[in-house]
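# An overview of the molecular structure
Spelled out, the chains give:
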Amino acid sequence: MKALSSHRRITVKIGSALLVDRASGLKREWLASLAEDIGRLTAEGCEVLVVSSGAIALGRNILGLGRRALRLEESQAAAAAGQIALAGAWAEELGRVGLKSGQVLVTLGDTEERRRYLNARATISTLLKLNAVPVINENDTVATSEIRYGDNDRLAARVATMMGADLLVLLSDIDGLYTAPPQLDPDAIFIPHVEAITPQIEAMAGAAASELSRGGMRTKIDAGKIATAAGTAMIITSGARQNPLAAIDAGERATYFEASAHPVRGYKTWIAGQLEPAGRISVDAGAVRALQAGKSLLPAGVTLVSGQFARGDTVAILGPDGAEVARGLVAYDATDAVKIAGLKTAEIETVLGYEARAAMVHRDDLVMSRAVVAG
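For clarity, every value in this text was computed on a predicted model and none was experimentally measured. (Residues numbered from 1 in each chain as written. Predicted model: local features only at pLDDT ≥ 70, side-chain atom pairs only at ≥ 80, totals over all residues. Heavy atoms only, no water.)

## Some points on the sheet that holds strand S4 (residues 47-52)
The strand order S5-S6-S4-S1-S7-S11-S12-S10 describes an open sheet built from eight strands, whose pairing is mixed. Whereas interior strands pair on both sides, the edge strands pair on one side only; in this sheet they are strand S5 (100-106) and strand S10 (193-194). The strands touched by helix H9 (residues 217-229) are strand S7 (167-172), strand S11 (233-238) and strand S12 (254-257); relative to S11, the strand with the most contacts, the crossing angle is about 155°. (Pairing = 2+ DSSP bridges. Helix = DSSP H or I, 4+ residues; strand = E, 2+ residues; numbered from the N terminus. Contact = heavy atoms within 4.5 Å. Axes fitted to C-alpha atoms, helices over the stretch in contact; angles between N-to-C directions.)

Right, dumping it as structure tokens:
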């Protein structure tokens, strides 16, 4: 694992349990040590972006909500109180090491809708050009279960790929990937290096280890799939120690995930990073071979259409075994896609009553999943 400072741009994600103590609130000393690390990396020419959890956890403490389950409106109120305190703490601690900061609150739509995605990217790019550290979080004051990321691991991966970071660091309450959740299996074996995220790697993921966290190893592996497919390497390590970024360079335990040797770029990065496809299209083996050869998905190879999607939405394309083989922007609404599934191109106009596109998903709007590309 090469030194962090050798990277051009790093996105660092911090879990809630690292930043907030249930009893005393914000862990100022730890945050100050992380700010020192960021200051050192910046001085060495590396751009750093922060994705910071902790607003709801901190707001709980500020508003005296305790550890009980919160109603939606209470979570949103906690986020509102916590965001102010969290942003102020980041500004103060980064200021101590001579850095400026800017808070960026995003919702799921800000990265899933193309125009808003580009706007968010422009805002964060401008902060970096002005030598300010972007501190990014989900806007939990307006997010609901239906329109949220649900965890900052995947948000961090989305931000990292959106901004072209070459490294994503997930600071967590676990020091890396194990063959099984170590808190449940004392014989679990630590894995220091992952060349590719295979189904076997995915099967090793467990659940969240802390009640302050909405994520777990499952979401970290999901984040890794998003990041590595776009050419961003990823590190999972414990952030519990002081100066957690310096600890990585000092050789403390961490799992390194290699970036894809054939990453998607530009417009297709946005497609590949879509978190929740609007629908799913199952295809036969012949269609899978055609997609691997760089061709578009034609209706003739489609065996099943599921979900309620509109033209231009992102859909997952599944092979005969049910595994995702590609993702792309569909050229038909779900109702029409169902009607033409399995039809030859010459039959489409007769069924739909109008001259339509030959491809269900055009190759220019399609990205192969990494497992398929890797063979």
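## Focus on the sheet that holds strand S16 (residues 324-329)
Taken in spatial order, the five strands of this open sheet run S14-S13-S15-S16-S17, and their pairing is mixed. Of all the strands in the sheet, the pair left with one neighbour each is strand S14 (302-307) and strand S17 (366-368). Each strand axis lies, on average, 20° off the axis of its neighbour in the sheet, ignoring direction. Of the pairings in the sheet, the one linking strand S15 (residues 314-318) to S16 comprises five bridges and is antiparallel in character. Counted as the bridge partner of Thr314 is Leu329 from S16.

## A word on the pairing of strand S6 (residues 132-138)
Of all seven residues in S6, seven are buried, a share of seventy percent or more. Of the two faces of S6, both are covered, the one formed by Ala132, Pro134, Ile136 and Glu138 as well as the one formed by Val133, Val135 and Asn137. Where S4 meets S6, two bridges bridge the pair, whose relative direction is parallel. Each bridged residue has a counterpart across the sheet, and for Val50 the counterpart in S6 is Val135. With seven bridges connecting them, S5 and S6 associate as parallel partners. Bridging from a neighbouring strand, Ser101 pairs with Val133 of S6. (Buried < 20%, exposed > 50% of the residue type's maximum accessible area, 1.4 Å probe, protein only.)

## Topic: the packing of helix H2 (residues 28-43) against helix H4 (residues 72-96)
Look at H2 against H4: their axes get within 9 Å of each other, and the N-to-C directions meet at 55°. By the angle between their axes, H2 is oblique relative to H4. As H2 packs across H4, the resulting crossing turns out to be right-handed. Across the interface between the two elements, Arg28, Leu31, Ala32, Leu34, Ala35 and Ile38 from H2 touch Ala89, Trp90, Glu92, Glu93 and Leu94 from H4. (Parallel < 35°, antiparallel > 145°, perpendicular 65-115°, else oblique. Left-handed = near helix turned anticlockwise from the far one by under 90°.)

## Section: unusual backbone geometry
Here the phi dihedral of Asn131 falls at roughly 60°; this positive angle occurs in a residue that is not glycine. In this structure, Asn243 is a non-glycine residue whose phi angle is positive, near 45°. Mapped onto the elements, Asn243 comes out in the loop between S11 and helix H10 (244-249). Given the relative accessible area of 24%, Asn243 is considered partly exposed.

## A word on the packing of aromatic side chains
Tallied over the entire structure, the rule returns one aromatic pair. Arranged with centres 5.4 Å apart and planes meeting at 65°, the rings of Tyr178 and Phe190 form a pair that is edge-to-face. Of this pair, Tyr178 sits in strand S8 (residues 177-178) while Phe190 is found in strand S9 (residues 190-191), placing the two residues twelve residues apart along the sequence. Neither residue differs from the other here; Tyr178 and Phe190 are each classed as buried. Above the ring of Phe190, the side-chain terminus of Arg253 is found at 4.3 Å from the ring centroid. (Phe/Tyr/Trp six-rings, centres within 6.5 Å; stacked < 30°, edge-to-face > 60°. Lys NZ or Arg CZ within 6 Å of the ring centre and 35° of its normal.)

## Some details on the confidence of the model for the chain
Put simply, the chain has an average pLDDT of 88, and 93% of its residues get 70 or more. Here residues 207-214 is modelled with pLDDT under 50, and outside its nearest four sequence neighbours on either side it reaches 23 contacts, counting other chains as well. Throughout residues 371-375 the model reports pLDDT below 50, and contacts reaching past four residues in sequence, or to other chains, amount to four contacts. (pLDDT = per-residue confidence, 0-100.)

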